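Close look at the chain arrangement
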Amino acid sequence: MKIAIIGTGNLGQSIANGILNSNGATSMYLTKRNPEKLKHFEEYGNVTVTASNEEAVNNSDILIFAVQPGHFEAILYDVKDQLTEKHVVISVITGFPISRIESIIGADKYILRCMPNTAISVGKSMTCICSNGVGKKRVDLAKAIFNRMGHTLEIPEEQMQAATVICASGIAFWMRLIRATTQGAIQLGFESKEAQELAMHTCNGAAALLIETGNHPEQEIDRVTTPKGCTIEGLNEMEHQGLSSSLIQGIVSSYKKISDIKNN
């Protein structure tokens, strides 16, 4: 695959690393206003670093736009005359709808939106994908790219804001839960480094159990709760203090906020 990443900031570099480290590109163009900061990518041998978006577009088939939202429209206008029927346009830009992209480059182009989260930097992103009508023919291609950096799920575009809360903001929610578990472990006598190690690997194991087995969380809970045992005692106290309720309320509150931002 001939891939260009237009606007190679932190997210763009994480995507580039994920693709290159898994040999996912025949050639890659990386663009940035100051390309000197990307020169180390040329060590891969099949990477060209440039300040010219037009050069990158002309030499690539798959275009991943990772620029700031405020710059995206102008960049689309700059490159739209270089776009051909072969190009696949992938946006990882929050809050820029497909209809707006179509109004600039045309609805006849393959257009997709992909929303990864920060775990993409360690190859564990949950990336949601949506497309325009024509772009549905290239969803599997986008999945092939982003599956190299985690897991993907195709969703309708109208669910993208909700997915942002669950997957992008969700990283912070899970970090707070891991931190709370760490603090509990410290209170029980562990040193802080040990406490965090216990918390984060247990969290990782819990997620892996569900991913590998496909089980509902309650099935795995039943396996570790015994009558009058310490686990059910702890779970019931957490629920009494509002654990599930507060999480759900927080998720809904985040969704209301992101909806207000869009409407304004």
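Report follows, based on the coordinates. (Residues numbered from 1 in each chain as written. Predicted model: local features only at pLDDT ≥ 70, side-chain atom pairs only at ≥ 80, totals over all residues. Heavy atoms only, no water.)

**Points about empty space enclosed by the protein**
Once rolled over the atoms, a probe with the size of a water molecule shows which space is left empty. This is how it is decided: The pocket and cavity definitions rest on a 1 Å grid over protein atoms only: a 1.4 Å probe that fits but cannot leave marks a cavity, an open set with protein on both sides within 12 Å along at least five of seven lines marks a pocket, and residues lining either have an atom within 4 Å of a point. Grid points are joined across faces, edges and corners, and a volume is the space filled by probe spheres set on the points. What counts as a helix is a DSSP run of H or I of at least four residues, what counts as a strand is a run of E of at least two, and both are numbered from the N terminus. For this classification, the nonpolar set comprises Ala, Val, Leu, Ile, Met, Phe, Trp, Tyr, Cys and Pro, the charged set comprises Asp, Glu, Lys and Arg, and every other residue, Gly included, is treated as polar.
By the definition in use, this model includes one cavity of 30 Å³ or more. Here the largest cavity defines a volume of roughly 70 Å³. Those elements that place two or more of their residues in the lining of the largest cavity are strand S6 (110-115) and helix H6 (160-187). Looking at the lining of the largest cavity element by element, the count peaks at three residues for S6. Broken down by class, the residue content of the lining of the largest cavity amounts to five nonpolar, three polar and one charged.

**Notes on the sheet that holds strand S8 (residues 150-154)**
Applied cut-off: Should DSSP find at least two bridges between two strands, the strands are taken to pair. Note on method: axes are straight lines fitted to C-alpha atoms, helices fitted across the in-contact stretch only, with angles between N-to-C directions ranging 0 to 180 degrees. What makes two residues a contact is simply this: any of their non-hydrogen atoms within 4.5 Å.
What the eight strands build is an open sheet, ordered S3-S2-S1-S4-S5-S6-S7-S8; its pairing is mixed. The sheet terminates laterally at strand S3 (47-50) and S8, the two strands that pair on one side only. Each strand axis lies, on average, 20° off the axis of its neighbour in the sheet, ignoring direction. The pairing of strand S7 (residues 125-131) with S8 spans five bridges and is parallel. Bridge pairing in S8 places Met126 opposite His151. Across the face of the sheet, helix H4 (residues 98-105) comes into contact with strand S5 (88-91), S6 and S7 while running at roughly 145° to S6.

**Digging into the pattern of salt bridges**
To keep things clear, this is the line we draw: Only one rule defines a salt bridge in this text: a Lys or Arg side-chain nitrogen within 4 Å of an Asp or Glu carboxyl oxygen. Burial classification: accessible surface area is computed with a 1.4 Å probe over protein chains only, and a residue below 20% of its type maximum counts as buried, one above 50% as exposed, and the rest as partly exposed.
Taken as a whole and assessed by the stated rule, the structure comprises seven salt bridges. Among the ionic pairs, Lys136 bridges to Glu154, the shortest N-O distance being 3.7 Å. One end of the pair, Lys136, is in the loop between S7 and helix H5 (139-146); the other, Glu154, is in strand S8, and 18 residues separate them in sequence. Accessibility expressed as a relative area gives 52% for Lys136, which makes it exposed.

**Some thoughts on the environment of Ile211**
Positionally, Ile211 belongs in helix H7 (residues 192-213). Between the C-alpha atom of Ile211 and that of Tyr255, which follows or precedes it by 44 residues, the distance is 25 Å.

**Some points on the packing of H6 against H7**
For the record, the criterion: Roughly parallel means an angle under 35 degrees; roughly antiparallel means over 145; roughly perpendicular covers 65 to 115; every other angle is labelled oblique. A clockwise turn of the near helix away from the far one marks a right-handed crossing, whereas an anticlockwise turn of less than a right angle marks a left-handed crossing.
As a packed pair, H6 and H7 sit with axes 8 Å apart at the nearest point and diverge in direction by 135°. Compared by their axis directions, H6 and H7 come out oblique. Crossing angle aside, the handedness with which H6 passes H7 is right-handed. From H6, Trp174, Ile178, Thr181, Thr182, Ala185 and Ile186 reach across to H7, where they touch Ser192, Ala195, Gln196, Ala199, Met200 and Cys203. Looking at side-chain class alone, the contact of H6 with H7 contains eight nonpolar, four polar and no charged residues.

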